[in-house]
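Residue-level listing of the chains:
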Amino acid sequence: MSGHLSRLALDELVVEDAPPPAHLATCAQCQAKLARLREAAGAARVAPEFAWTRTRVLAQRAAPAPARRLLRTWRWAVPLALALGLASVVVPREPPEGVRVKGGPFVSVVRQSDGAVDAPLSPGDVVTLSLKPAPYRYALVFATDAAGKVSLLWPARGTQSGDPTALVMPPTFIVTPGDFVLDAFFSDAPLPAEPGRAALAIRAAACAALELSSDCQPPARLEGAAHHYRLAVPVSSSP
Amino acid sequence: MARGLGASELADLYEKYAPTVHGRARTLLGRDSDAWDAVQEVFCRLLQAGGAFRAEARPMTYIFRVTTHVCLNMLRSRALKDVPVQAPTEAEAAGEDPQEVEARNLLRVLARELDDRALQIATLHFVDALTQEEIVEVVGLSRKTVGRELEKVRVRARELALEPRS
Ligand SMILES: [Zn+2]
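Residues numbered from 1 in each chain as written. Chains lettered and ligands numbered in written order. Predicted model: local features only at pLDDT ≥ 70, side-chain atom pairs only at ≥ 80, totals over all residues. Heavy atoms only, no water.

## Let's talk about the overall build of chain B
Point 1. The secondary structure content of chain B amounts to seven helices and zero strands.
Point 2. Along the chain direction, N to C, the helices and strands of chain B fall in the order α-α-α-α-α-α-α.
Point 3. Across the 166 residues that make up chain B, the buried fraction comes to 55%.
Point 4. Here the analysis covers contacts within chain B between residues at least 6 apart in sequence; of these, 67% occur between residues at least 24 apart.
Point 5. When the accessible area of chain B is evaluated, it comes to approximately 7,400 Å², of which 54% is carbon and sulfur surface. (Helix = DSSP H or I, 4+ residues; strand = E, 2+ residues; numbered from the N terminus. Buried < 20%, exposed > 50% of the residue type's maximum accessible area, 1.4 Å probe, protein only. Contact = heavy atoms within 4.5 Å. Areas by Shrake-Rupley, 256 points an atom, 1.4 Å probe, with all protein chains shown as cover.)

What follows is the structure in structure tokens.
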């Protein structure tokens, strides 16, 4: 054998688990390999998949056992809502048809196992978000957890409203412990996300100061929003 | 699970090791998206193993063991299904170390030939260039067994005229 450093030894140098062995100082080939591995590790760290995969791994840790199996089999998760206790996973599965008939634009949460709409949920439930903006075109959906933390839920990786008719797959989530509240803003033109998030966060903080639930008052009117819809989703404490 | 990995502990391990797990999975599997799938699976296994990782004197050997298992499972299920052996790994192979590409092609052939243990050892030997001592550490078998398996694997690779020049 050559006496060059193995991949194991090189990887240990990349993560700085081991001090450089004497061979390294004298071998241009090993130095070059190490440089290449370091570069690749740096590139992997800044790749979007790095954060997505971390989110999936951490969601797996947070999810109750039955949901873990499901999470493992899904390839691409959208990185959001972890802090909120939801792991968002896009799956090629349609929500049940005939969700509900109701006037006005709204958002509903559909449980995949039985098609129950806006039902109290349990940790581990897989749910999809059903967005019905008509007669408006755009929707912007936030979720607020019991601690008052507000996250943009949909569009998952956007900074403004999205057009639900452009959705290829329904946004899908695995429910983890903790009640949450959804706030949807509907409009004819896309709204920037930040003012909506701020408006909700201010009210949630005010509610927290009064020791009331984070949806104790509706958010201030949002400029450009034609309609606001709120849905409180209780989540039981046991799976 | 009481002594399992905490969220911040898991996040720290991910931060530190995920890039090298990805790099090695990329070498073994050839496709970037497969490599990220492997990263997820590796960390899920670490999670399942709970605190076992903490006890490792040399954490990278543990990472290698799990990553090898995960990648070879993926490779085998793929080798059984499809992919003509000589299929180059497309544009992704561009800029890759030719030795790595060669080693991966060897691995694809061996994946159809060898049992799990031998394939694992072949991978650590041919692809990762581990010393025999390192292989012993990673696979947790006796020196003697590893030596015997290595011999078997070398013979088979030679028969297939595939042993990379070393
Ligand atoms: Zn060297």
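## Details of the confidence of the model for chain A
All names here are of chain A.
Point 1. This prediction gives chain A a mean pLDDT of 77; 79% of its residues lie at or above 70.
Point 2. Within chain A, the lowest mean pLDDT, 38, falls on strand E1 (residues 86–88), and the highest, 97, falls on helix H1 (residues 7–14).
Point 3. This model gives residues 71–102 a pLDDT under 50, and the stretch forms 102 contacts once residues within four places in sequence are excluded. (pLDDT = per-residue confidence, 0-100.)

## A short note on the state of the cysteines
All names here are of chain A.
Point 1. One pass over the full model with this rule turns up one disulfide over all chains.
Point 2. There is a disulfide in this structure between Cys207 and Cys216, and the S-S distance comes to 2.0 Å. On the sign convention where negative is left-handed, the bridge of Cys207 and Cys216, at about -90° about the S-S bond, is left-handed.
Point 3. On the accessibility criterion, Cys216 (31% relative accessible area) is partly exposed. (Disulfide = S-S within 2.5 Å.)

## Re the pairing of strand E5 (residues 150–154) of chain A
Residues and elements named next belong to chain A.
Point 1. Most of E5 sits out of view: five of its five residues are buried.
Point 2. Where strand E4 (residues 138–145) lies against E5, four bridges are found, and the strand directions are antiparallel. In the strand pairing of E5, Thr144 is matched with Val150.
Point 3. Adjacent in sequence and paired antiparallel, E4 and E5 are bridged by four residues, among which Gly148 carries a positive phi angle near 90°. (Pairing = 2+ DSSP bridges.)

## Looking at the interface of chain B and chain A
Point 1. Of the residues lining the interface, 43 residues belong to chain B; the matching set on chain A comes to 31 residues.
Point 2. Interface of chain B and chain A: buried area, both sides summed, is about 3,300 Å²; carbon and sulfur atoms make up 58% of it.
Point 3. By the criterion of area lost to chain A, the three top residues of chain B are Tyr14, Trp36 and Gln40 of chain B, representing 20% of everything that side buries.
Point 4. Linking chain B to chain A there are four salt bridges.
Point 5. One salt bridge connects Arg58 of chain B with Glu12 of chain A, and the closest N-O pair in it is separated by 2.7 Å.
Point 6. Remark: the boundary between chain B and chain A carries 11 residue pairs in polar contact (both at pLDDT 80 or more).
Point 7. Mapped by element, the contributors of at least two residues to the side of chain B that touches chain A are helix H1 (7–29), helix H2 (32–48), helix H3 (59–81), helix H4 (98–113) and helix H6 (132–139) of chain B.
Point 8. Residue composition of the side of chain B that touches chain A, by class: 20 nonpolar, 11 polar and 12 charged. (Buried area = accessible area lost by both parts, 1.4 Å probe. Salt bridge = Lys/Arg side-chain N within 4 Å of Asp/Glu carboxyl O. Polar contact = N/O pair within 3.5 Å; in protein donor to acceptor, adjacent residues only side chain to side chain. Nonpolar A, V, L, I, M, F, W, Y, C, P; charged D, E, K, R; others polar.)

## Brief notes about H4 of chain B
Point 1. Given a rise of 1.5 Å per residue, 16 residues ought to cover 22 Å, and the 23 Å separating the end C-alpha atoms of H4 of chain B matches this to within 8%.
Point 2. Of all the residues in H4 of chain B, the buried ones are Glu100, Ala103, Arg104, Leu106, Leu107, Arg108, Val109, Leu110 and Ala111 of chain B. (Expected span 1.5 Å × (residues − 1).)

## Quick look at the packing of helix H5 (residues 116–127) of chain B against H6 of chain B
Residue and element names in this part refer to chain B.
Point 1. Contact geometry for H5 and H6: axes closest at 10 Å, N-to-C directions at 140°. By the angle between their axes, H5 is oblique relative to H6. The crossing of H5 and H6 is right-handed. Residue-level contacts link Gln120, Ile121, Leu124 and His125 of H5 to Ile135, Val138 and Val139 of H6.
Point 2. Along the lines of polarity and charge, the residues of the contact of H5 with H6 split into five nonpolar, two polar and no charged. (Axes fitted to C-alpha atoms, helices over the stretch in contact; angles between N-to-C directions. Parallel < 35°, antiparallel > 145°, perpendicular 65-115°, else oblique. Left-handed = near helix turned anticlockwise from the far one by under 90°.)

## What to know about the coordination of the zinc ion
Residue and element names in this part refer to chain A.
Point 1. Taken together, the protein donors to the zinc ion comprise His4 (ND1), His23 (NE2), Cys27 (SG) and Cys30 (SG), at separations of 2.0 to 2.3 Å.
Point 2. Sequence positions of the donors to the zinc ion reduce to the motif H-x18-H-x3-C-x2-C.
Point 3. Judged by relative accessible area, His23 falls into the partly exposed class, the value being 24%. (Donors = N, O, S within 2.8 Å, 3.2 Å for Na, K, Ca; no water.)

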